[in-house]
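# Structure at a glance
Chain by chain, the residues run as shown.
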Amino acid sequence: MRCIIVGIKTKERNYKELKQSLSELEGLVEAVDGKTLGKLYQKKDIPDPSTFIGKGKVRQLKELVEGTGADTIVFDADLTPVQISNIEKITQVDVLDRTDLILQIFSQRAKTRQAKLQVELATLQHELPRVYGQKGKVLSRIGGGMKTKGAGEKIGEIKVRTIKDRISKIKRELEKIKKQRYQQRKWRNKDPNILKVSLVGYTNAGKSTLLKKLTKRDTFVSDQLFATLDTKTSYIVFSDIGKKVLITDTVGFVKNMPQELMDAFMATLEELEEADLILHVIDVSDENWTEKMEAVEEILKKINVSDKPVVVVLNKIDKLVPSPEYVEEADHTMLTGGRETVVLSTEKGWNIDKLHNILKKYAVRKDTVSVGG
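To start, this report covers the structure provided alongside it.

Parameters at a glance
Residues numbered from 1 in each chain as written. Predicted model: local features only at pLDDT ≥ 70, side-chain atom pairs only at ≥ 80, totals over all residues. Heavy atoms only, no water. Helix = DSSP H or I, 4+ residues; strand = E, 2+ residues; numbered from the N terminus. Contact = heavy atoms within 4.5 Å. Areas by Shrake-Rupley, 256 points an atom, 1.4 Å probe, with all protein chains shown as cover. Pairing = 2+ DSSP bridges. Axes fitted to C-alpha atoms, helices over the stretch in contact; angles between N-to-C directions. Salt bridge = Lys/Arg side-chain N within 4 Å of Asp/Glu carboxyl O. Buried < 20%, exposed > 50% of the residue type's maximum accessible area, 1.4 Å probe, protein only. 1 Å grid on protein atoms, 1.4 Å probe; cavity = no way out; pocket = protein on both sides within 12 Å on 5 of 7 lines; lining within 4 Å. Points joined across faces, edges and corners; volume = space filled by probe spheres on them. Nonpolar A, V, L, I, M, F, W, Y, C, P; charged D, E, K, R; others polar. Core = buried A, V, L, I, M, F, W, Y, C linked by side-chain atoms within 4.5 Å.

Helices and strands together make up the secondary structure of the protein chain, namely 12 helices and 10 strands. At a minimum sequence separation of 6, the contacts of the protein chain that also span at least 24 residues come to 71%. Of the roughly 18600 Å² of accessible surface on the protein chain, 50% is carried by carbon and sulfur atoms.

This is the structure we're talking about:
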């Protein structure tokens, strides 16, 4: 996939936010092994209803496509079926919106039955309004001039019904998986010697690497957005205090996650409801890490788990300082608004022992709370 990426600056979005969002979009393109050949953006308070960026800008986009040899245009927004159809007509190349691109990544990365079903559900929910939008236009062409007026609408209705039936079936299957997971979690909850920890963080913050380093067990690691989608649980045994820590990795977050993706991945995030402790992993080498921290915290509020104990893990410090001595004595809570914080490098192994000690402290504390309760 050879892409031109497109964004607009609106009243709600300044140039800095636009630049950050386009940079993230470029990372998403890389995550499907695509290459960004050019960027196009403009100032536009209200998106054009027929082409999103206006016909003049689309013609400019067509020239950019022809000049670079791009085969795909990716918009940093969600587009309507009409907008996609009109832009493709003028530019003669494929047009994807932000959600299309994320869904492509998700479908490539999903490994377990649950993750695959969630991706399919999100894809169908994203596709459904487009089928509604196409019924009177694109699908009516299927009649092919054979005096079959309305055939397209009928085919559209059949397609809508098929999608809705499949959505219902997937939801039933996910409900079964949800019940199975609930039974597994119920078993874990019975044991006061087990501390349940969930890793959360922006995508590519290093959660999978941290899980591997903490538990010394293999997990897929890659320097890409959405490298892993499946919920993975591993554990640490603190034999000296007779405690076990179960650590679950969750799917990474992105800013402005499309609603259908949020809904589809709620099952992945349900682990958080049962967690005794949340480790919020942040790539501190990212110049926008504070905004990303806030974006994740917003999502934690939405799923009603923001009242749980949270330890902020400022990861990838090795990209900012040459050795761990530089971060030994500093008060890192100042960086995160008074939150309990540990600064480390999963890549180099710096301060992993400190995080182990924090987990041990919470494991002991849980036992005390259980006995006291």
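Here we take up the sheet that holds strand β9 (residues 310-315). Taken together, six strands build an open sheet; the order of strands is β6-β7-β5-β8-β9-β10 and the sheet is mixed. Each having just a single partner strand, β6 (232-238) and β10 (341-343) make up the two edges of the open sheet. Sheet twist, expressed as the average angle between the axes of neighbouring strands with direction ignored, equals 25 degrees. Here six bridges tie strand β5 (residues 194-201) to strand β7 (residues 243-249), and the two strands are oriented parallel to one another. By the bridge assignment, Leu195 is partnered in β7 with Val245.

In terms of backbone geometry, most residues other than glycine have negative phi values and most peptide bonds are trans. Backbone geometry at Asp33 places phi at a positive 60 degrees, although glycine is not the residue there. Among the secondary structure elements, Asp33 is positioned in the loop between α1 (15-31) and β2 (35-43).

We now examine the pattern of salt bridges. Considering all chains together, one arrives at 18 salt bridges under this definition. Where Asp76 meets Arg98, a salt bridge forms, and the shortest distance between an N and an O atom there is 2.8 Å. With Asp76 in the loop between β3 (72-75) and α3 (81-91) and Arg98 in helix α4 (residues 98-109), this residue pair connects regions lying 22 residues apart in the sequence. The class of Asp76 is buried, set by a relative accessible area of 7%. Classification of Arg98 by relative accessible area gives buried; the value is 6%.

All right, on to the layout of surface pockets then. If you add up the space inside the largest pocket, you get close to 1100 Å³. Forming the boundary of the largest pocket are 41 residues, of which Gln20, Ser21, Glu24, Tyr202 and Lys292 lie nearest the centre. Elements with a minimum of two residues in the lining of the largest pocket: α1, β8 (277-283) and α11 (289-302). With 10 residues, the top contributor of residues to the lining of the largest pocket is α1. Along the lines of polarity and charge, the residues of the lining of the largest pocket split into 11 nonpolar, 11 polar and 19 charged.

Looking now at the nonpolar core. With 35 residues, the main nonpolar core has Leu25, Val74, Leu101, Val200, Leu261 and Leu272 as its most contacted residues. Sorting the residues of this core by element identifies β1 (2-9), α1, α4, α5 (113-134), α8 (259-264) and α11 as the ones contributing at least two each. For this core, the leading source of residues is α1, giving six residues. The next biggest cluster of nonpolar side chains, apart from the first, holds 24 residues, and it includes Leu195, Leu210, Val311 and Leu344.

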